[in-house]
Amino acid sequence: MSHVSFTELRRNLASHLDRVESDRTELVITRQNHADMVILPLAEWEGLRETLHLLGTPSNARRLEESISQLDAARGSERALIEE
């Protein structure tokens, strides 16, 4: 994660956005007397939102944790996808 001031971001916006895109990481923008802000690739944001959704209920989070444990213990099984 890198940090940049708002002034520096404005001065070199394209290069900062290019770096966020290529590194696939977030950029924290600091501003005087304001809360810090974050820029990140849309795909990363969508992944975070999906993860929050999947872990959003205790029962769903428990099922996912159990599935991960089974895979870690080599007790997973491969299945073909159903084409519709």
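Residues numbered from 1 in each chain as written. Predicted model: local features only at pLDDT ≥ 70, side-chain atom pairs only at ≥ 80, totals over all residues. Heavy atoms only, no water.

1. Topic: the sheet that holds strand β1 (residues 2-5)
Step number 1: Sheet architecture is open: three strands sit in the order β1-β2-β3, paired in mixed fashion. Two strands bound the open sheet, and with one partner strand each, they are β1 and β3 (37-39). Between one strand and the next, the sheet's axes are offset by a mean angle of 30°, whatever the strand orientation.
Step number 2: Note: β1 against strand β2 (residues 27-30), four bridges, orientation parallel. (Pairing = 2+ DSSP bridges. Helix = DSSP H or I, 4+ residues; strand = E, 2+ residues; numbered from the N terminus. Axes fitted to C-alpha atoms, helices over the stretch in contact; angles between N-to-C directions.)

2. Examining the pattern of salt bridges
Step number 1: Counted by the stated rule, this structure contains two salt bridges.
Step number 2: Between Arg-11 and Glu-8 there is a salt bridge whose closest N-O contact spans 3.1 Å. Taken as a pair, Arg-11 and Glu-8 lie in helix α1 (residues 6-11) at a separation of three residues, close to a single helical turn.
Step number 3: With its nearest N and O atoms 3.3 Å apart, the salt bridge here joins Glu-44 to Arg-24. Taken together, the residues span a long stretch of sequence, with Glu-44 in helix α3 (residues 42-54) and Arg-24 in the loop between α2 (13-23) and β2 at a distance of 20 residues. (Salt bridge = Lys/Arg side-chain N within 4 Å of Asp/Glu carboxyl O.)

3. Considering the environment of Gln-32
Step number 1: Inspection of the secondary structure assignment puts Gln-32 in the loop between β2 and β3.
Step number 2: Residues Gln-32 and Ser-5, 27 residues apart in the sequence, show an inter-C-alpha distance of 8.7 Å.

Shape descriptors only; they carry no functional weight alone.
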